[in-house]
Amino acid sequence: MSTLTTFDPTDADFLRDPYPALADLRRQGSLVWHEPWSTWLATDHATVGAVLKNRAFGRLWHDWEPVEEMEPFNTLHRNQLMENEPPAHTRMRRLLAGAFGRGHVERMRPRIESLAADMVAALPEQFDVLADYAEPMPVYVICDLLGVPREDHEDLRRWSQAIVHMYEKDIDEATKAEAIEASTAFADYVREVIAMRRAQPGEDLVSDLIAETDAGKGFTDDELVATVVLLLNAGHEASVNTFGNGFHALLTHRDQLARVTSGEVPIDLALEELIRFDAPLQLFERTATKDVEVAGQLVTAGQKVACLMGSANRDAAVFEDADTFDVGRDPNPHVGFGLGIHFCLGAPLARLELGITLRALLDRFPDLVLAGESPRRPTWVLRGYESIQVSA
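Think of each chain on its own: its residues are numbered from 1, step by step along the sequence as written. The predicted nature of this model means local features are confined to residues of pLDDT at least 70 and side-chain atom pairs, given and counted, to a pLDDT of 80 or more, with totals for whole chains, interfaces and linings taken over all residues. As a rule here, side-chain values come from all non-hydrogen atoms in the structure, and water together with hydrogens is ignored.

Let's talk about the overall build of the protein
Here is the rule: Note on conventions: DSSP H or I runs of at least 4 residues are helices, E runs of at least 2 residues are strands, and numbering of each starts at the N terminus. In this description the radius of gyration comes from C-alpha coordinates, and the expected globular size is given by 2.2 Å times residues to the power 0.38. Residue exposure (1.4 Å probe, protein chains only): buried if accessible area is under 20% of the type maximum, exposed if over 50%, otherwise partly exposed. With residues, only the protein chains shown are counted as cover, and all accessible areas are computed by Shrake-Rupley using a 1.4 Å probe.
Summing up its helical and strand segments, the protein has 16 helices and ten strands in all. Its C-alpha atoms give the protein a radius of gyration of 21 Å, within 12% of the compact-globule value 21 Å for 392 residues. Expressed as lengths along the three principal axes of its C-alpha atoms, the size of the protein is roughly 60 × 55 × 40 Å. Counting the 392 residues in the protein, one finds 57% classified as buried. Total accessible area on the protein stands at roughly 16300 Å², and carbon and sulfur atoms take up 51% of it.

Okay, structure coming up:
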């Protein structure tokens, strides 16, 4: 067994730049044992892909304890797509994919273009890319997609952040309490939205999901609530961090920014490098449902494997000059949207939204520069910035 010697995701230097330490992990092995977590770490592109695509590994939910106290949080996760495996996952994903497939994503294009144009027109000469643009934008988009009032975006953002903080390691009691409170408020809010859309259906995703559910071939009530919460969380939390990490990389690599603003590299191609270079989701966990061999190592039933997505995206065996930010990189087989049956269902919407919002901002402000330091959030699994101050 290859046992890890040093790895501390809470270290300030690691949080600032985890990639040297992740490179050291890859040198130690493709699959290394991390004793403090009692977890295998999949460090390279091939091993991460092998785990995510192997049906011997599952996304198995275990309720947080104490169960009664944590029930609001547990209920939202126990009943959602991402925390289930077939056959429940197959049923829920088919229903959700069918609703997405009814033209909802393409229907959003003119809305996103109009929204982006209005938002960049209102920006001053100096502003915070995150607070003034990247954070509200995806909340507005997912609200429009689901049929949820835009004016509630601040509550949705606050609840979402409280819930996703639970995905980090070494959670404290204050984080748990905030997640319980947010889960309760979020679920109550979604039930009100569902009741509203039952009474007044619209051309939105929630109305479609309600129609499927009421026809007896859709979600249970708890699944419907959990699914809408998942979409609201995933639809903006990942988008904010993807945009923030990628845009900061552009501003600190002026030669690459020039390639995009000049039109030398199409934005749709550059987007893939923004997703790869500084991954917003650094870790995704799987559990072995039976004994299985990976990278020459036996993983026994019940053992967990943490797929290090940011490390996989910097694997020199797959990406030439992997630590170099190259907006023209092609091909670019990053794992930013996952792999296997849990591949991100919202990837087409995410790419559409990111492309439009990036283009609108650079068209208005082609010469943006950083205005001071950009502080990082004190988290690693969900990696992002607290703020990115810029000036034109």
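The structure having been displayed, the exposition proceeds.
Some thoughts on the sheet that holds strand E8 (residues 304–308)
Backbone-to-backbone hydrogen bonds join strands into a sheet, with any given pair of strands oriented parallel or antiparallel. To be explicit about the condition: The rule for pairing is simple: two strands pair if DSSP sees at least two bridges between them. Here, residues are in contact when the closest pair of their heavy atoms is within 4.5 Å. Between N-to-C directions, angles span 0 to 180 degrees; the directions come from axes that are lines fitted to C-alpha atoms, helices contributing only their stretch in contact.
Ordered in space as E1-E2-E8-E5-E3, the five strands form an open sheet in which the pairing is mixed. The open sheet has two edge strands, strand E1 (31–34) and strand E3 (57–58), and neither has a second partner. Sheet topology note: the strand E2 (residues 39–42)/E8 ladder contains four bridges and is parallel. Across the sheet, residue Thr39 finds its bridge partner in E8, namely Lys304. Against the sheet, helix H3 (residues 45–53) engages E1, E2, E3, strand E5 (283–288) and E8, with an angle of about 130° to E8.

Side note on the pairing of E1
Looking along a regular strand, one sees side chains alternate from face to face of the sheet. Burial of E1 is two-sided: the residues Leu31 and Trp33 facing one way and the residues Val32 and His34 facing the other way are all buried. Inspection of the sheet shows E1 paired to E2 by four bridges, in the antiparallel sense. Within the sheet, the bridge partner assigned to Val32 lies in E2 and is Leu41. Between E1 and the antiparallel strand that follows it, E2, lie four residues; Ser38 among them carries a positive phi value of about 50°.

Considerations on the side chain of Asp152
What counts, and what does not: Counted as positive: Lys and Arg. Counted as negative: Asp and Glu, with His and the chain ends omitted from the count. Salt bridges are counted wherever a side-chain nitrogen of Lys or Arg sits within 4 Å of a carboxyl oxygen of Asp or Glu. Any pair of nitrogen or oxygen atoms within 3.5 Å is treated as a polar contact; in protein, a donor-acceptor pairing is required on top of that, and neighbouring residues in sequence qualify only through side-chain atoms on both sides.
Positionally, Asp152 belongs in the loop between helix H8 (136–146) and helix H9 (153–164). Among buried charged residues, Asp152 stands out as having no salt bridge; its nearest opposite-charge side chain is Arg158, 9.9 Å away. Looking at Asp152, its side chain comes within polar contact range of the side chain of Tyr189, at 2.6 Å.

A few points about the side chain of Glu285
Mapped onto the elements, Glu285 comes out in strand E5. Glu285 gets classed as buried once you look at its relative accessible area, which sits at 18%. The contacts of Glu285, once residues within four sequence positions are left out, are Arg59, Lys169, Lys304, Val305 and Ala306.

Overview of H8
Counting buried positions along H8 gives eleven out of eleven residues, so the element sits mostly inside the fold. Residues of H8 that are buried include every one of Pro136, Met137, Pro138, Val139, Tyr140, Val141, Ile142, Cys143, Asp144, Leu145 and Leu146, and no others. Positive phi appears at Gly147, one or two residues downstream of H8, with a value of about 85°.

Here's the deal with the packing of helix H6 (residues 104–121) against helix H16 (residues 347–364)
This is how it is decided: Any angle that falls under 35 degrees is termed roughly parallel, while one over 145 is termed roughly antiparallel, one within 65 to 115 roughly perpendicular, and all others oblique. Left-handed describes a crossing whose near helix is turned anticlockwise from the far helix through less than a right angle; right-handed describes the clockwise counterpart. When residues are sorted by character, Ala, Val, Leu, Ile, Met, Phe, Trp, Tyr, Cys and Pro go into the nonpolar class, Asp, Glu, Lys and Arg into the charged class, and all the rest, Gly among them, into the polar class.
Viewed as axis vectors pointing N to C, H6 and H16 meet at an angle of 25°, and their least axial separation amounts to 9 Å. One element, H6, and the other, H16, form an angle in the roughly parallel class. In this structure, H6 crosses over H16, and the sense of that crossing is right-handed. On H16, the residues that touch Val105, Met108, Arg109, Ile112, Glu113, Ala116, Val120 and Ala121 of H6 are Pro348, Leu349, Leu352, Glu353, Ile356, Ala360, Leu361 and Arg364. Among the residues forming the contact of H6 with H16, the class breakdown is twelve nonpolar, no polar and four charged.

Side note on the state of the cysteines
Just so we agree on the cut-off: When the sulfur atoms of two cysteines come within 2.5 Å, that pair is taken as a disulfide.
Evaluation of the coordinates by the stated rule reveals zero disulfides. In this model Cys143 remains outside any disulfide bridge; the closest cysteine sulfur is found in Cys344, 17 Å from its own. We classify Cys143 as buried; its relative accessible area is 0%. Considering cysteine sulfurs only, Cys307 is the nearest to Cys344, which forms no disulfide, with 16 Å between them.

Some words on the environment of Arg27
Along the chain, the position of Arg27 falls in helix H2 (residues 19–28). For Arg27 and Thr43, which are 16 residues apart along the polypeptide, the C-alpha to C-alpha distance reads 9.0 Å.

Considerations on the pattern of salt bridges
Under the definition given, this model contains 26 salt bridges. Between Arg16 and Asp13 there is a salt bridge, with its nearest N and O atoms 2.1 Å apart. Of this pair, Arg16 and Asp13 both sit in helix H1 (residues 12–16), three residues apart, roughly one helical turn. A relative accessible area of 52% means that Arg16 is categorised as exposed. We note a salt bridge from Glu85 to Arg55, for which the minimum N-O separation is 2.7 Å. Here Glu85 is found in the loop between helix H4 (67–78) and helix H5 (88–100), whereas its partner Arg55 is found in the loop between H3 and E3, with 30 residues between them in sequence. The class of Glu85 is buried, set by a relative accessible area of 14%.

Purely geometric stuff here, so don't read any function into it on its own.
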